[in-house]
Amino acid sequence: MVSIRPALIIGALLAIAQAAHAEDRSVLLNCKAMIERASKDANAASESELTRCRQVIREWALRDARTTVDEEGKPLR
C-alpha cells in the first residue's frame, strides 16, 4: 500500500499542473466536437468530460476576447 500513495500524490500534482497550463487549440476543437456529439447522442461522453470541455471552451472564449493578434502575430481586424 505504501507504493500507491506516492503514485496518487504524483497523479494529483500532474492533474493540478495540467489544469494550470494553457490548453492547445486542438484541445478546444476536440472539446467542441465532443459537445456537438453529446448534443446528438446522450451516451457520447461522461458528464465530467463534458464539464471539462465546457470549461475549456469558456477559457478560450475569454482568451480570444483579450487577444489583439492571431496565432501568427498578425493584428485582428
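Residues numbered from 1 in each chain as written. Predicted model: local features only at pLDDT ≥ 70, side-chain atom pairs only at ≥ 80, totals over all residues. Heavy atoms only, no water.

Undergrad: Kindly report on the packing of helix α2 (residues 25-40) against helix α3 (residues 47-66), identifying the contributing residues and their values.
TA: Across the interface, α2 lies against α3 with an axial gap of 9 Å and an inter-helix angle of 130 degrees. Considering their axes alone, α2 and α3 lie oblique with respect to each other. Seen from above, α2 lies across α3 with left-handed handedness. Contact residues: α2 offers Arg-25, Val-27, Leu-28, Cys-31, Lys-32, Met-34, Ile-35 and Ala-38, while α3 offers Glu-49, Leu-50, Cys-53, Arg-54, Val-56, Ile-57, Trp-60 and Asp-64. Of the residues contributing to the contact of α2 with α3, the split by class is 11 nonpolar, no polar and 5 charged. (Axes fitted to C-alpha atoms, helices over the stretch in contact; angles between N-to-C directions. Helix = DSSP H or I, 4+ residues; strand = E, 2+ residues; numbered from the N terminus. Parallel < 35°, antiparallel > 145°, perpendicular 65-115°, else oblique. Left-handed = near helix turned anticlockwise from the far one by under 90°. Contact = heavy atoms within 4.5 Å. Nonpolar A, V, L, I, M, F, W, Y, C, P; charged D, E, K, R; others polar.)

Undergrad: Pulling in residues and values, what's your account of α2?
TA: Between its first and last C-alpha, α2 extends 23 Å over 16 residues, near the 22 Å set by a 1.5 Å rise per residue. Residues Leu-28, Cys-31, Met-34 and Ala-38 constitute the buried set of α2. An end-on view of α2 places all buried positions within 125 degrees of arc, on one side of the element. Structural note: α2 exposes Leu-29, Asn-30 and Lys-40 on the side pointing more than 90 degrees away from its buried face. Those residues of α2 that are buried are in contact with α3. Between the side-chain oxygen of the N-cap and the backbone nitrogen of Ser-26 there are 2.8 Å, and the N-cap of α2 in question is Asp-24. (Expected span 1.5 Å × (residues − 1). Buried < 20%, exposed > 50% of the residue type's maximum accessible area, 1.4 Å probe, protein only. Arc of directions from axis to C-beta. Polar contact = N/O pair within 3.5 Å; in protein donor to acceptor, adjacent residues only side chain to side chain.)

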